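Secondary and tertiary structure notes
The lines below spell out each chain.
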Amino acid sequence: LVANQNANKSTVNKALIVKVFDTSRYLFMCSSGSTFGPRLSGVFLGDWNEAGWNDDYVVNVNYTLQIGAGNIANLAECMEGPFRLLERTKPDWETGASRLWGCRGIVGPVRMDGERALFSNFDAFYAHAASVGYGPWLVYSMYEHYQISGDQTFLRDRGYPFLHDMAIFFEDFLSRTDEHGKVIFVPSVSPECPPAPGFETIASINAVFDIAACKHGLKMAIESANVLGLEQGAGEGVERWIVLLGKMPAYTTEPDGTMKEWAWDLGENYGHRHTS
């Protein structure tokens, strides 16, 4: 099949795509457990840290991509491990919100070792702890499970507690506004990418990664609350979160139409645009 594809690169070999899909689905199942999701190395290397990063769950892109197709590939039993991992570490998300930012609610970590998710990776350049966008990206897998299954009990008992607690975190964290009344994400991070050559850290202002994640998190919280009949009425969560959504910074573009990675005048850096 590979030889056939290489012999005719102008047409996608559908039989090869089927094999790639089936193989990937098989590897996902082999790497998943009832309480853990797949690690960077899967279960096939026989060596801890062979893939780097101490085999942690690195959620600025790696882990989120690994489990990204679990729901839509009809692997609900394999997604139970990722869900339990989030639930098991949620108390550390609360610690991050209160200790790092003095905020209510929860903030998602950049790394988890499988049991804990405290912020323990601090580096002058890779200042991932300055990002607030990892949580919504992680919890989307739980919301997506509801979208596919229609299971409102799952949404109420397991997904919504994350979404609610992230929404109130953003209410507290986004306490600064610019001259146009738009909230300012400061500090903020575009993972692994400093704003422009010469910056000595990835910590920045108004990284689109964080803005997009926050918007998605608030929308999921609003939609879930409406489905469940929660946080309704004047002054309640849905009303507050809709107002906060209206204060999000606008995405901006370069003269050639390229989307800016920072909604702030920081320059751009195309040397390492991160998949996230």
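Refer to the preceding data block for the structure.
Our subject in this report is the structure included herewith. (Residues numbered from 1 in each chain as written. Predicted model: local features only at pLDDT ≥ 70, side-chain atom pairs only at ≥ 80, totals over all residues. Heavy atoms only, no water.)

Details of the overall build of the protein chain
Where we set the bar: Put simply, DSSP H or I for four residues or longer makes a helix, DSSP E for two residues or longer makes a strand, and each gets a number counted from the N terminus. Atoms considered for the radius of gyration are the C-alpha atoms alone. The globule rule reads 2.2 Å times the number of residues to the power 0.38.
Within the protein chain, the regular secondary structure consists of eight helices and four strands. Along the protein chain, from the amino end to the carboxyl end, the secondary structure elements read α-α-β-α-α-β-α-α-β-β-α-α. Against the compact-globule benchmark of 19 Å for 276 residues, the protein chain has a radius of gyration of 20 Å, which places it among compact chains. Its C-alpha atoms give the protein chain principal-axis dimensions of roughly 60 × 50 × 40 Å.

Regarding helix H2 (residues 14-31)
Threshold: How far a helix is expected to stretch is found by multiplying one less than its residue total by 1.5 Å. Classification of residues uses two cut-offs on accessible area relative to the type maximum, computed with a 1.4 Å probe and protein chains only: under 20% is buried, over 50% is exposed, and between them is partly exposed. The directions considered for the arc are those from the helix axis to the C-beta atoms. Contact criterion: two residues are considered in contact whenever any of their non-hydrogen atoms come within 4.5 Å of each other. Polar contact is the term for a pair of N or O atoms within 3.5 Å; when the atoms are in protein, one must be able to donate a hydrogen and the other to accept it, and sequence-neighboring residues count only if both atoms are side-chain atoms.
With 18 residues, H2 ought to run about 26 Å at 1.5 Å a step, and its terminal C-alpha atoms sit 26 Å apart, in line with that. The set of residues buried in H2 consists of Leu16, Phe28 and Ser31. Buried residues of H2 fall within an arc of 110° about the axis and therefore sit on the same side. Away from its buried face by more than 90 degrees, H2 exposes Lys14, Lys19 and Tyr26. Looking at the buried positions of H2, the neighbouring elements they touch are helix H1 (2-7), helix H3 (62-66) and helix H4 (76-101). Near the N-terminus of H2, the side chain that reaches the backbone nitrogen of Ala15, with its oxygen 3.1 Å away, is that of Asn13.

Examining the nonpolar core
For clarity, the cut-off: Put simply, buried Ala, Val, Leu, Ile, Met, Phe, Trp, Tyr and Cys residues joined by side-chain atoms within 4.5 Å make one nonpolar core.
Within the largest apolar cluster, 61 residues are counted, with the highest numbers of intra-cluster contacts made by Met112, Leu174, Phe185 and Trp241. Every element with two or more residues in this core is listed here: H4, helix H5 (134-149), helix H6 (152-173), helix H7 (208-228) and helix H8 (237-245). In terms of residues, this core owes the most to one element, H6, which gives 11 residues. Among residues more than four places away in sequence, those in contact with Met112 are Asp56, Tyr57, Val59, Tyr63, Leu85, Leu86, Thr89, Ala117 and Leu138.

A few points about the packing of aromatic side chains
In plain terms, the rule: For Phe, Tyr and Trp, where Trp contributes only its six-membered ring, two rings pair if their centres lie within 6.5 Å, and the inter-plane angle classes them as stacked under 30 degrees, edge-to-face over 60, or tilted in between. Lysine and arginine charges are scored as sitting over a ring when NZ or CZ, respectively, is within 6 Å of the ring centre and within 35 degrees of the ring normal.
Overall, the coordinates contain 10 aromatic pairs when judged by the stated rule. Judged by centre distance (5.6 Å) and plane angle (50°), the rings of Tyr134 and Phe209 are tilted. One end of the pair, Tyr134, is in helix H5; the other, Phe209, is in helix H7, with 75 residues separating them in the sequence. You'll find Tyr134 and Phe209 in the same group, each marked buried. Taken together, a centroid distance of 5.5 Å and an interplanar angle of 15° make the contact between Phe169 and Phe173 stacked. Placement of the pair is Phe169 and Phe173 together in helix H6, with a separation of four residues, close to one helical turn. Each member of the pair, Phe169 together with Phe173, is buried. An aromatic cluster is built from Trp101, Phe169, Phe170 and Phe173, whose rings are joined through pairwise contacts. Taking the ring centre of Phe36 as reference, the NZ or CZ of Arg88 above it sits at 4.7 Å. For the cation-ring pair, Lys90 lies above Phe162, with the distance from its terminal atom to the ring centre recorded as 5.4 Å.

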